[in-house]
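Residues per chain are reported as follows:
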Amino acid sequence: MPIPVYLKTSDDMPRPGDAEFYLVAQNGTFLCRNHTFFQSDVPAKRQPRGLAEHESSCLVRFPPVPATVLEYIVAFFGRAFERHQSEAVVLLYWDLQRKRYRIVVPKQTATVWESSSGIRSPMDVAYEVPLGLPRHYLLVGDIHSHGDMEAYASWTDKLDEVYRDGVHAVAGRIEHEPPQWHVAVAVDGHRFTLEFEHLFQGYRERRRIVPECWMAQLEVETKRPSWTSWSYQPYKSSYRKDWT
C-alpha cells in the first residue's frame with residue numbers, strides 16, 4: 001500500500017496522523033512515523049514508495065523562424081567570419097502584439113586568436129542585452145556562429161544557458177552552404193537537443209546584403225602569443241559600403 005506524501009508548507013502545519021508518511025520539506029524528504037512508543041522524522045534514504053517513474057522532457061511550441069529571416073542571419077555570420085574570422089550573435093525576440101519574430105543584433109565583442117604567422121581563428125563572442133526595447137518584445141533565445149568550427153554547444157555555451165531559458169542555436173562551418181546547425185532549448189538549467197525543423201521553417205541560401213547597422217554592432221579584439229613582440233590591442237572593425 002502506498003505511503004502518503006505531504007508537503008510542509010508552514011512551520012505550524014498540523015502533523016498528519018498516519019502511522020507512516022513522507023514529508024517533503026524545503027531541506028529534503030523525510031520518512032515520518034507515529035508509533036505507539038515513539039514519533040520520528042528521519043531523512044528518507046529513497047524516493048517515496050508507490051510513485052511512478054518520470055523523465056525530463058520538453059515539448060516545444062515555438063513558431064518556426066521564417067527561412068528569409070534565417071538567410072539574413074547566416075549572411076551576417078558569414079560576413080563577420082569573412083572580414084574578421086570571428087563569431088557573431090543575434091537575439092531572437094517574439095513580438096507579443098504582432099505575433100512575429102524580431103531579430104535584434106546586440107552590441108557585441110568577438111575575440112579572435114591570431115598566431116605569430118597572422119592566421120586567425122574564432123574564440124568567443126560576448127554581448128550586451130539591449131535596453132529600451134518595447135515591453136511587448138519577449139526574449140526567447142539567441143543564435144550565434146562558431147565561424148569555421150563545427151556546430152556544437154561548447155562548455156561556455158552550456159554555462160550561459162543555465163541562466164538563460166529559451167532556444168539556443170549554433171551555426172558552424174559558416175563558410176559552407178548550407179552551414180551546420182546545433183539547436184537546443186534550455187529550461188531551468190536543463191538542456192534538450194532539438195532538430196533543425198523544431199525552430200526553423202527552412203533555409204535556401206544566405207542573402208547577399210547585410211545591413212550596415214548589424215555590422216556596426218560588431219567589434220573584434222585579437223589575442224596574440226605573449227612570447228612575441230606584438231602587444232595585445234583591440235582590433236576595431238572598419239566598415240565599407242561595397243559589401244554586395
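Residues numbered from 1 in each chain as written. Predicted model: local features only at pLDDT ≥ 70, side-chain atom pairs only at ≥ 80, totals over all residues. Heavy atoms only, no water.

How would you summarise the environment of V187 if you had to cite specific residues and measurements?
Mapped onto the elements, V187 comes out in strand 11 (residues 180-187). Linking V187 and P16, residues 171 residues apart in sequence, is a C-alpha distance of 35 Å. For V187, the contacting residues outside a window of four places in its chain are C58 and D165. (Helix = DSSP H or I, 4+ residues; strand = E, 2+ residues; numbered from the N terminus. Contact = heavy atoms within 4.5 Å.)

Describe the pairing of strand 13 (residues 218-223), with residues and values.
A regular strand places its side chains so that they alternate between the two faces of the sheet. The alternating pattern of strand 13 places L218, V220 and T222 on a buried face and E219, E221 and K223 on a face that is not buried. The pairing of strand 7 (residues 108-114) with strand 13 spans 6 bridges and is classified as parallel. Residue pairing in the sheet places W113 in a bridge with K223 of strand 13. (Buried < 20%, exposed > 50% of the residue type's maximum accessible area, 1.4 Å probe, protein only. Pairing = 2+ DSSP bridges.)

So what's going on with the environment of P66? Residues and values would help.
By the secondary structure assignment, P66 is in the loop between strand 4 (39-43) and helix 1 (67-84). The class of P66 is partly exposed, set by a relative accessible area of 29%. Placed 160 residues apart in sequence, P66 and S226 show a C-alpha to C-alpha distance of 45 Å. Apart from the residues lying within four places of it in its own chain, the contact partners of P66 are Y101 and Q201.

Residues and numbers for the layout of surface pockets, please.
Of the pockets and cavities examined, the largest pocket occupies roughly 350 Å³. In this structure, the largest pocket is lined by 20 residues; those nearest its centre are V125, H144, T156, D157 and D160. Looking at the lining of the largest pocket, the elements that each hand over two or more residues are strand 8 (120-127), strand 9 (137-145), helix 2 (155-161) and strand 10 (166-172). (1 Å grid on protein atoms, 1.4 Å probe; cavity = no way out; pocket = protein on both sides within 12 Å on 5 of 7 lines; lining within 4 Å. Points joined across faces, edges and corners; volume = space filled by probe spheres on them.)

If you had to explain a nonpolar patch on the surface to someone new, which residues and values would you point to?
A cluster of nonpolar side chains, W155, L159 and Y163, forms an exposed patch at the surface whose accessible area comes to about 450 Å². Considering the arrangement of structural elements, one finds W155 in helix 2. For W155, a relative accessible area of 67% puts it in the exposed group. (Patch = residues over 30% accessible without salt bridge, like charges linked within 9 Å, V, L, I, M, F, W, Y side chains within 5 Å. Areas by Shrake-Rupley, 256 points an atom, 1.4 Å probe, with all protein chains shown as cover. Salt bridge = Lys/Arg side-chain N within 4 Å of Asp/Glu carboxyl O.)

Account for the sheet that holds strand 12 (residues 190-194), with residues named and values stated.
Taken in spatial order, the 6 strands make up an open sheet running 6-5-9-10-11-12, and their pairing is mixed. Of all the strands in the sheet, the pair left with one neighbour each is strand 6 (100-104) and strand 12. When the angles between neighbouring strand axes are averaged without regard to direction, this sheet yields 25 degrees. Taken together, the 7 bridges between strand 10 and strand 11 define a ladder with antiparallel strand orientation. (Axes fitted to C-alpha atoms, helices over the stretch in contact; angles between N-to-C directions.)

I'd love a proper account of the pattern of salt bridges, names of residues and values included.
When the charged atoms of two side chains with opposite charge come close together, those side chains can pair. This structure, assessed with the given rule, holds 11 salt bridges. With a closest N to O distance of 3.7 Å, E150 and R173 form a salt bridge. Here E150, found in the loop between strand 9 and helix 2, pairs with R173, found in the loop between strand 10 and strand 11; they are 23 residues apart in sequence, far enough to count as distant. By relative accessible area, which is 45% here, E150 ends up partly exposed. The network of salt bridges with shared partners includes E20, R33 and R49.

Describe the environment of E175, and please don't skip the residues or the numbers.
Note on placement: E175 falls in the loop between strand 10 and strand 11. Given the relative accessible area of 39%, E175 is considered partly exposed. In this structure the C-alpha to C-alpha distance between E175 and D95, which are 80 residues apart in sequence, comes to 31 Å.

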